[in-house]
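Examination of the molecular architecture
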Protein chains: 2
Amino acid sequence: MTEIDTETFLADLYALREIGRFRTGVHRPTFSPDDMQSRRWLMGRLEACGLGASIDGIGNVLGRHRGPGPHLLVGSHIETQNEAGWLDGALGVVAGLALARAGLPVDIVAFADEEGHFSGGFLGSRSAIGDLTEAEIDAARNRTDGTPLRAALKTVGLAGISRMQLDTSRYRGFLELHIEQGTQLESAGLHLGVVSGIVAIWQFKIVFKGNQDHAGGTTMAERRDAGLSAVRLLAAIDREFPKVCGPRSTWTTGQITLDPGGYSIIPGCAEVAFQFRDVSIPVLERMEACLEALVCESNRRERCTATLTPLSKAIPAPCDPNLMEAISQAAEQVCPGRWQVMPSGAGHDAQNIARILPAAMLFVPSIGGISHHWAEDTTDADLAFGVRALGGAAARVLAG
Amino acid sequence: MTEIDTETFLADLYALREIGRFRTGVHRPTFSPDDMQSRRWLMGRLEACGLGASIDGIGNVLGRHRGPGPHLLVGSHIETQNEAGWLDGALGVVAGLALARAGLPVDIVAFADEEGHFSGGFLGSRSAIGDLTEAEIDAARNRTDGTPLRAALKTVGLAGISRMQLDTSRYRGFLELHIEQGTQLESAGLHLGVVSGIVAIWQFKIVFKGNQDHAGGTTMAERRDAGLSAVRLLAAIDREFPKVCGPRSTWTTGQITLDPGGYSIIPGCAEVAFQFRDVSIPVLERMEACLEALVCESNRRERCTATLTPLSKAIPAPCDPNLMEAISQAAEQVCPGRWQVMPSGAGHDAQNIARILPAAMLFVPSIGGISHHWAEDTTDADLAFGVRALGGAAARVLAG
């Protein structure tokens, strides 16, 4: 079995955590100074492993194996959510370094903005499969501060650089090691999860337009309170979605913004960030129809106007059976009987790569299921299981 | 009848609007550079009217009539809500200038932070009646950026200056001219409102603690979604408050903050800014009991913990009958048959001054009821009616 240097692998992970460190996690939003420093750090490590490193016009970092094929593509992303964990994304990229160091003929990729700091989401992996237009780049803005993506690319020196397209003839497939971001492995006392498929995320903005008024001078009957209309719609979603969802569906309101947002001001505008996820397209379509019907009902009953805008509607991605088989065999060798096959509730770059290449994923446990938070963590032992199983799977695929 | 120079009065209002102008409104949060400039502008105008101008250690500006009594105190405040209207507060202060210019023996006051940019609220008028302790000043912070009040006072050069106390023996009462901040006068085709009393505002922070998790990796059953618990409580308030409120009660959720606030993150914390208002203490107490019961119910049913923190609980303030009578007579003289007696749904400095002096208020219409928004406006004709009736009322009281 391929020998992985887990000590250097862990040292790389620790080193990357120091860039943009926040408590025990990191804060590296896409194209922030810390994010760009981490990309430069990665390019240095790729070269040190003997790979040819480059960065493209959307921020994707690629390390290209200099020898003959067959090749595998391995990676994930290295930017993070705000004040988030040290492993999400970073693990899959740094695991690639470990495989290269073990002599496996892999290319290593860090796709830009998997975390969706810019509208559209998955900019890097979508660009690499030819699914990101220049017009989309023109329109994309930072979700936090509104900065146009074009301006951000110019600031970090990536404007005018061409965007790489993955050469499907070069690779036998794509492998992504990731943390589970849930508690299923931990609860079952398992160390590895072989991913069967990745849910699709359908994301929406719901905007309510009412009338901004003084909270004392305007009687309840006169009000057009955008915040109250938003609360009523969200309560209706809470009531109705369980009737149409699938057994593993999730739906989340991540943000509610009342404008202008003062104690004594009736909100004239409310904006809700809403998403749902499932592995089944019919279930996703049922949830969307329910959401649309509830927005229609809101517009019939409320004195504020609700507008539903779909932001992104991905398609679920089943993992490649041959790659899954190789990962399962490697998992059984590394932790006999302590792994399972499971779906991924989170979206990943692999779901995009799966559209042009065989793709598969391997999970390691998340302590307490904590994710997208600086307290996110995984034991060193499980990290080592993960990279060793990934290496074993890669060796099997490349030898096949 | 006292002759008011309405042209200079309107010119003063327009001049004040230029300080911190935002579209057709103004942005002068308490102790901002524009706010301090407006206070210095006011002191200059007071001196130009022959009054002795001073500013005290909490930012109150007082213009003191130099001649013999009897005196009346006239005024309001001049800081504004964020990106708000040009008349709220400013009108009552600038009207004082017009009365002084007409030769009436009035003192003019601009109380600091009526708008509650700092926690506690009504800092200036509460200080002037001896209801603001040094400990409260130590604890107060800016609600937007968290700046301690002490630091803000130091920055604007007010640290260490003594705070004025109103001399009750000096005044026959306090008069405050203000915009209605509602549509009752406009709807009824009236020009003036003689205020019968001022509602009390009871203000609360409701914090929900759950668990921040990844929106895909965490099943619906496992979640502790603080935002969802907040939505459920707010929906319950929407359902239950109409059963306990009075005929003119209002309740408002001005802000909902989900932390950390990303599409793919289950909020670990949610904070709600909530207030209600009424003129009756029993009604206020009924609404508070209902709110407390709903929070208890939330804590029994939800997997997140809700904590209810009262921030301020004012007492309703009835206006002085003799002052109301003088204002009513003046209103009838200025606009025969086109005025009414009405309660104030908004809080005002007069409610604090009413605790130590006879106090009363006069309203002019708000176009479209718009308030706490830059589009707030009143016709020049109604502004002139207001200042002329205020002058007539003051002359009656002083002659009595």
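Per an unreviewed UniProt entry, chain A carries the name Zn-dependent hydrolase and comes from Methylobacterium soli. One UniProt comment on chain A, placed under Subunit (unreviewed entry), says "Homodimer."

The UniProt record marks D88, E115 and H372 of chain A with the feature "binding site: Zn(2+) 2" (unreviewed entry), using the residue numbering of this structure. For the residues just named, distributed over 285 residues, the greatest C-alpha separation is only 9.8 Å, placing them together at one site. Positionally, E115 of chain A belongs in the loop between β6 (106-110) and α4 (123-128). Owing to a relative accessible area of 11%, E115 of chain A belongs among the buried residues under this scheme. In contact with E115 of chain A, other than residues within four places in its own chain, are H77, E79, T80, Q81, D88 and H372 of chain A. Looking at the element boundaries, H372 of chain A is found in the loop between β17 (359-364) and α12 (380-399). Of the residues examined, H372 of chain A reaches a relative accessible area of 3% and is grouped as buried. The contact partners of H372 of chain A, leaving out residues within four places of it in the chain, are Q81, A84, D88, E115 and Q181 of chain A together with Q212, H214, S264 and I265 of chain B.

This part covers the packing of helix α1 (residues 6-17) of chain A against helix α2 (residues 33-48) of chain A. The relative placement of two packed helices is expressed as an angle between their axes plus a distance between the axes. All names here are of chain A. In the contact formed by α1 and α2, the axes pass within 11 Å of each other and the chain directions differ by 155 degrees. Between α1 and α2, the crossing angle belongs to the class labelled roughly antiparallel. For the element pair α1 and α2, the recorded crossing hand is right-handed. Together, T8, D12, A15 and L16 of α1 and S38, W41 and R45 of α2 make up the contact between the two elements.

Here we come to the nonpolar core. Judged by nonpolar contacts, the single largest core of 78 residues is most densely connected at F9, L13, L42, L99, F174 and L383 of chain B. Counting residues per element, this core draws most heavily on helix α3 (residues 90-101) of chain B, which supplies 9 residues. Those residues within four positions of F9 of chain B in sequence are excluded, and the remaining contacts are L91, V94, A95, A98, R101, L383, A384 and V387 of chain B. Membership of the second largest hydrophobic core comes to 77 residues, among which are L46, I179, L190 and C319 of chain A.

Rules used in this analysis
- Residues numbered from 1 in each chain as written.
- Chains lettered and ligands numbered in written order.
- Predicted model: local features only at pLDDT ≥ 70, side-chain atom pairs only at ≥ 80, totals over all residues.
- Heavy atoms only, no water.
- UniProt positions renumbered as here; feature names shortened; annotations may be inferred.
- Helix = DSSP H or I, 4+ residues; strand = E, 2+ residues; numbered from the N terminus.
- Buried < 20%, exposed > 50% of the residue type's maximum accessible area, 1.4 Å probe, protein only.
- Contact = heavy atoms within 4.5 Å.
- Axes fitted to C-alpha atoms, helices over the stretch in contact; angles between N-to-C directions.
- Parallel < 35°, antiparallel > 145°, perpendicular 65-115°, else oblique.
- Left-handed = near helix turned anticlockwise from the far one by under 90°.
- Core = buried A, V, L, I, M, F, W, Y, C linked by side-chain atoms within 4.5 Å.

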